[in-house]
Amino acid sequence: MRSTKCPWAFLGVAGALVMLVAAVHVFMVPILPSSLDFFGAGHGIGKPRNVLPGVGVVDSRLSGQFPSDSYGAVTYRGAPWKAEIGRWLAGCDAGLSVVNITEFIGTKRCEQDCNGQGKRCEEVQKVECNLPSSQEWPVGRWIVSICPAHCDTTRAMCFCGPGTKYPDRPVAEACGFKTIVSQDGATVNPEDAYSSKVKFKEECDCKYDGLWGRFCETRVECSCINQCSGHGHCRGGFCQCDGGYFGIDCSMPSNYSVAYGMPSWLQPPMNLPDLKNISSSSINVKVVAKKKRPLIYVYDLPAEFDSHLLEGRHYKFQCVNRIYDDKNRTIWTQQLYGAQIALYESILASPHRTLNGDEADYFYVPALDSCLITRSDDAPHLQMPRDLRLRSYHTLEYYRMTYDHIAQRYPYWNRTSGRDHIWFFSWDEGACYAPKEIWNSMMLVHWGNTNTKHKNSTTAYWADNWNYIPIDRRGNHPCFDPRKDLVLPAWKQPNPAAIWLKLWARTRNNRTTLFYFNGNLGPAYKDGRHEDTYSMGIRQKLAAEFGSTPDKQGKLGRQHTANVTVTYLRTEKYYEELASSIFCGVLPGDGWSGRMEDSMLQGCIPVIIQDGILLPYENMLNYNSFAVRIQEDDIPNLIRILRGINETQVEFMLRNVRQIWQRFFYRDSILLEAQRQKRLFSEEAPWSVEVSKLDKVDDVFATFIQVLHYKLYNDPWRQGVLQRKETGLPDICSKAS
């Protein structure tokens, strides 16, 4: 326009252009690259931080090849990653060539196969069930294992014992019969119990693993790591390995066992010698195997740190993801802490595992805190004089003893001050109580409290509170450091009905509830936790505003509305209700809860309300692409904020949830069990059928490996750790010094 005589025409054209660009932005935003994000709009959710703190700029060639979308995400294998991470994975991880790794297969076997005692030729533990007696406590001060009958001193468990009619029936904690019908006081027959002629204490019925039936008269399979890999016998959680095999899951071979069958996680072998002709006096045999990085060395710890804790758990559901019924069929547990076992099994059975610590990229330390912390008030041998009766302090001391063991007996820790080591802290608040000696390592947790807002222990359960742990033991560190640590999903059992119905795939049209949360809402509600500090008060604030079920005073939430559900009432249709909702609340409990996993597995957009706390993979994935964060102070504005998210954005996030839900699912561990069951039974269980039919997209374990691989080459926390001649990576991808 050469003349200023027509200002209205100019303004009209300019206004039309602005409206056109705005319309394109609103409706095309999910598919446009960031270069077209003209206004830098936050979409009502907040603009993401696209790089891990301290990570340098990815090579410009990768940036040009893999541009981020307007949410700041770069997609790799269906998942929206933070831009720099996604670029590196898309350009480097997928094209990684295999490397040749030398594995050392030992030939020296334990004398007389450990006398049948277990994994590492250790002496069988001998522990009592009771504490010392006194006038006040004739059989010792009360403890879970208190025993008026026969004590199994290998596990600190109390049974009726040899010579009785039901020798395997547990009698700890005053277990017994409510009614004895026989006049002479003889023990009740099982037939009477099964026909309901006799009442007895159901809570005492076969609480220990490996037993079934109302009188524990049937022996069944116990839960062991990888079920001893088919090379041993599982004794309540402790693998007694066959000759020629070692390790917590009997998967470590000798040249004797390898001569007759190479373990699957060592395949495919190269340059395999004729092991049958090797002298038995040889100590090690070299086997060259093709593998991919990252390579993980798993410490074979003394049994006190892992298998004895599994073996001695006093309730069979504790800390495991499965038990077995009277037909030795798998029963998946709802034990959220089963994730620690699931990941451990996947690592042990993975081709990423190496027996050669000199070639390893990472070192996994398998101390089982999920089993320890459920037993901290359990048996006399677990009592520590200085643990202040706190499970958190007790667990810290166990991790510290584990550190002492590996630092003194292995050469790997001191090479990097533990920066290439990995520890799993599964309990409610994660690694808050990690001993200071191991803080350089990578911590796997379920709750990433950065302590930017909640700076002290947030649990309402006193025994887990870590505020009282002496600072000289814990050190002054946060619960989670996003530069080096990772939040992993909690364990969720495979639900064959939900998988068959494809609840995660429900479309927007079939989701009629705007917002859904079902869980404990605190002291204002029936059966609610009585502590005001439970959930840091967040669930209570949500219920006060939007409660859809009357509280003890008969009142609904101040802003209760028809298509919003906030209730404490348990329902058998929980998964169905999640799958019928657009947005689902992710709020803390005594720390982490399983609500993020519930949302993702049923295809519902997670709404995270917990400030300064990272959820699974949140320092790696671009959460703006599939989740919403609401500040705790904005709870009164929750529904207004959710209604302000336009339909295009909602569809985009739902589509991403559908694509990545298996990254919150331990499919690898479940399929390992399916393979074991297929060898035993001709007919597959429903869970095995449905999980086996799932698309082979990346699950929790695959995501974990991808994160490790990225960190191996890009994490400044690990600078100087990687010194490899044969990486298999092109120069554009390798940035390690």
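Conventions we followed
- Residues numbered from 1 in each chain as written.
- Predicted model: local features only at pLDDT ≥ 70, side-chain atom pairs only at ≥ 80, totals over all residues.
- Heavy atoms only, no water.
- Helix = DSSP H or I, 4+ residues; strand = E, 2+ residues; numbered from the N terminus.
- Buried < 20%, exposed > 50% of the residue type's maximum accessible area, 1.4 Å probe, protein only.
- Contact = heavy atoms within 4.5 Å.
- Areas by Shrake-Rupley, 256 points an atom, 1.4 Å probe, with all protein chains shown as cover.
- 1 Å grid on protein atoms, 1.4 Å probe; cavity = no way out; pocket = protein on both sides within 12 Å on 5 of 7 lines; lining within 4 Å.
- Points joined across faces, edges and corners; volume = space filled by probe spheres on them.
- Nonpolar A, V, L, I, M, F, W, Y, C, P; charged D, E, K, R; others polar.
- Pairing = 2+ DSSP bridges.
- Right-handed = clockwise from strand over helix to strand, strands pointing away.
- Axes fitted to C-alpha atoms, helices over the stretch in contact; angles between N-to-C directions.
- Disulfide = S-S within 2.5 Å.
- Phe/Tyr/Trp six-rings, centres within 6.5 Å; stacked < 30°, edge-to-face > 60°.
- Lys NZ or Arg CZ within 6 Å of the ring centre and 35° of its normal.

Within the protein chain, the regular secondary structure consists of 20 helices and 28 strands. In the protein chain, buried positions account for 58% of the 737 residues. Taking contacts inside the protein chain between residues at least 6 apart in sequence as the whole, the part at least 24 apart equals 67%. Here the protein chain displays about 31,400 Å² of accessible surface, and carbon together with sulfur accounts for 51% of that area.

A separate point is empty space enclosed by the protein. Tallying each qualifying case throughout the model produces 9 cavities of 30 Å³ or more. Empty space within the largest cavity amounts to approximately 120 Å³. Looking at the largest cavity, it is lined by 13 residues, and the ones nearest its centre are Q493, N495, A498, L601 and Q602. Only α12 (496-501) and α15 (595-601) provide two or more residues apiece to the lining of the largest cavity. Here the residues of the lining of the largest cavity are counted per class, giving 8 nonpolar, 3 polar and 2 charged.

Judged by how many residues are buried, strand β25 (residues 581-586) sits mostly within the fold: 6 of 6 residues are covered. Pairing of strand β23 (residues 513-518) with β25, which is carried by 3 bridges, proceeds in the parallel orientation. Bridge pairing in β25 links T513 to S581. With 4 bridges joining them, β25 and strand β26 (residues 605-608) adopt parallel strand pairing. If you follow C584 over to β26, its bridge partner there is P606. Where the polypeptide runs from β25 across α15 and back to β26, its parallel neighbour, the crossover connection is right-handed.

For the bond from R293 to P294, the omega torsion is 5 degrees, close enough to zero to count as cis. The topology assignment puts P294 in the loop between β13 (284-291) and β14 (296-298). Located in the positive-phi region is A156, a residue other than glycine, with phi close to 55 degrees. Even without being a glycine, S535 presents a positive backbone phi close to 60 degrees.

This next bit is on the pairing of β23. A regular strand places its side chains on the two faces of the sheet in alternate fashion. The element β23 is largely enclosed, with a buried count of 6 among its 6 residues. Pairing analysis gives 4 bridges linking β23 to strand β24 (residues 564-567), with the strands arranged parallel. Note that in β24 the partner of Y516 across the bridge is T565. This β-α-β element, β23 to helix α13 (residues 538-546) to β24, shows right-handed connectivity.

Another aspect to go through is the sheet that holds β24. Spatial strand order, β24-β23-β25-β26-β28: 5 strands in an open sheet with parallel pairing. Strand pairing shows two members of the sheet lacking a second neighbour, β24 and β28 (628-629), which therefore form its edges. In the packing of helix α17 (residues 647-660) onto the sheet, contacts are made with β25, β26 and β28, and the angle to β26 comes to roughly 105 degrees.

A few words now on the state of the cysteines. Counted according to the given criterion, the structure contains 9 disulfides. Two residues share a disulfide in this structure: C129 and C151, whose sulfurs sit 2.2 Å from each other. Disulfide C129 to C151: torsion about the S-S bond roughly 90 degrees, handedness right-handed. Residue C129 is found in the loop between β3 (99-106) and β4 (150-152), and its partner C151 is found in strand β4; the two are separated by 22 residues along the sequence.

Here the focus is the packing of aromatic side chains. By convention here, two paired aromatic rings are described through the distance between centres and the angle between planes. Evaluated as defined, the whole model comprises 33 aromatic pairs. Taken together, a centroid distance of 5.7 Å and an interplanar angle of 25 degrees make the contact between W88 and Y713 stacked. Residue W88 is located in helix α3 (residues 83-93), and its partner Y713 is located in helix α20 (residues 700-714); the two are separated by 625 residues in the primary sequence. Arranged with centres 5.7 Å apart and planes meeting at 35 degrees, the rings of W661 and F665 form a pair that is tilted. For the residue pair W661 and F665, the accessibility class agrees, reading buried in each case. Ring pairing ties together the aromatic residues Y399, Y403, W413, W423, F425 and Y433, which thus form one cluster. Of note, R329 hangs over the ring of F681, and the distance from its end group to the ring centre comes to 4.0 Å. In this structure, K484 packs its charged tip against the face of W439, placed 4.0 Å from the ring centre.

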